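Below, each chain spelled out in residue letters.
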Amino acid sequence: MYSTDRCVCVHIYIYKMGLEEEIKVSMEAEDGSKKATRVASVKEVAKEALSRVPDRYIHADIDPLVCNSPSLLPQVPVIDLSSLFSGDHHVKETELRKLHVASHQWGFFQVINHGVRGELVDKMKKGVRELFDLPMEEKDKLWQREGEMEGFGQMFEASENQKLNWVDVFYVITLPSHLRNSHIFPNIPMPFKEDLEEYSAEVRGVARKILEGMAEVVGMKKEDVKELFGEGTQAMRINYYPPCPQPEDVIGINAHTDGTALTVLLQVSDVEGLQIKHDGVWVPVPPLPHAFVVNIGDVLQIITNGEYKSVEHRATVNSKMERISIATFYGPGREGHIGPAPSLVGPEKPAQFKTLSVPDYYKGFISKEGPIKSYIDLLRIQNEDITH
Ligand SMILES: O=C(O)CCC(=O)C(=O)O
Ligand SMILES: [Fe+2]
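Residues numbered from 1 in each chain as written. Chains lettered and ligands numbered in written order. Predicted model: local features only at pLDDT ≥ 70, side-chain atom pairs only at ≥ 80, totals over all residues. Heavy atoms only, no water.

Looking up the chain in an unreviewed UniProt entry gives the name Fe2OG dioxygenase domain-containing protein, with the organism given as Acacia crassicarpa. Regarding the chain, the UniProt comment filed under Sequence similarities (unreviewed entry) reads as follows: "Belongs to the iron/ascorbate-dependent oxidoreductase family." (UniProt positions renumbered as here; feature names shortened; annotations may be inferred.)

Structural data, given as structure tokens:
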């Protein structure tokens, strides 16, 4: 399960970093044969009006929602981004505190008043629907090629008996533009390509503002943010979950944590599906009008020296309605290092994680073996390793 999760949430440009071989290794089947074969489109599978889904989509071990009474479930915090930058000191401080508590205790929050125009968001919603409605001949031109992650696809088929998720994805690297895949990005149909470009720039601005607020409230120096992130990199993953005749037995996306720093998710459809692990319970994150769902990824947990949490989440499906989400992943630029920010390390708070170069970080992420819950656990400095 974990190797699949890693493929799902690496969300990076790794092959651009000269790591082609590592990616291919992660796609090898257990018997060593290369299996980067194409996985069927779930949208096409779903069209066949089956009463039962093929066995490869059946997951025997789906963790149920622990709480039977939805009204008793805790609510994911909501942050007003405009208040974070308010000229009113009290308003600003109150919102920064909320941001801190949300990032520390939840690892997730919804953001309102984020400044991205509703008209642009609506164009994106329309554009992604049209993208997934393209005829198969058109989608073929935008399909993942062997050894690559960008384009349409499900995920790499690591072995014949690996369980599959009930989702089709379209993955693109958006920023910086020179990292874009030359046969995917230019071929995205217009006007969606232009809207995607604008949306990606706007969401980058939102991510940077949130990071700025977090840095202020967690006590991280501006220089550290600059040093660790540089201009940053950004990728987008559009998730399309068709209705499913056996929703209890399949999963849209397995429980995972995101591998980058910050994820800004737009729930395109007014349909529930996203759930996050909070105090041992799966808590739904219902779509909120004009909001983004933001979560902390592994990289930000490391950078904040464990102050902020990268939390497990998953996407469930239902039998009636399709669901679409657009996840935008913002992470550090390729040049830097991933490790605790120097301003958050001191005698009182020793470094909890090792520092690695960005390529080494992602290389390790990809090649990790065995039943380790999370890659960041491998980077955790054990108490006995800490030298004062
Ligand atoms: O569809 C969703 O709500 C979650 C998507 C997600 O977790 C991801 O793309 O990493
Ligand atoms: Fe995710």
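Still more ground to cover, so stick around.
Asks: Please set out the confidence of the model for the chain residue by residue, giving values where relevant.
Replies: Any segment with low pLDDT has predicted coordinates that should not be analysed in fine detail. Predicted confidence across the chain gives a mean pLDDT of 86, with 83% of residues reaching 70 or more. Below a pLDDT of 50 lies the segment residues 1-36, which in the model reaches 96 contacts outside its immediate sequence neighbourhood of four places, other chains included. Overall fold confidence (pTM) sits at 0.89, and the ipTM for the predicted complex is 0.99. (pLDDT = per-residue confidence, 0-100. Contact = heavy atoms within 4.5 Å.)

Asks: I'd like a rundown of the packing of aromatic side chains, residues and numbers included.
Replies: This structure, assessed with the given rule, holds seven aromatic pairs. Their ring planes at 85 degrees and their centres at 5.3 Å tell us that Phe 132 and Phe 152 sit as a pair that is edge-to-face. Separated by 20 residues along the polypeptide, Phe 132 in helix 6 (residues 118-132) and Phe 152 in strand 3 (residues 151-153) bring together distant segments of the chain. With relative accessibility at 0%, the residue Phe 132 sits in the buried group. Judged by relative accessible area, which is 2%, Phe 152 ranks as buried. Seen in terms of ring centroids, Phe 132 and Tyr 240 are 5.1 Å apart; in terms of plane orientation they differ by 15 degrees. Their pairing is stacked. Taken as a pair, Phe 132 in helix 6 and Tyr 240 in strand 5 (residues 233-241) lie far apart in primary sequence, 108 residues in all. When sorted by exposure, Phe 132 lands in the same class as Tyr 240, which is buried. Taken together, the ring pairs connect Phe 132, Trp 143, Phe 152, Phe 170 and Tyr 240 into an aromatic cluster. If you follow Lys 139 out to its NZ or CZ, it ends over the ring of Phe 152, 5.4 Å from the centre. (Phe/Tyr/Trp six-rings, centres within 6.5 Å; stacked < 30°, edge-to-face > 60°. Helix = DSSP H or I, 4+ residues; strand = E, 2+ residues; numbered from the N terminus. Buried < 20%, exposed > 50% of the residue type's maximum accessible area, 1.4 Å probe, protein only. Lys NZ or Arg CZ within 6 Å of the ring centre and 35° of its normal.)

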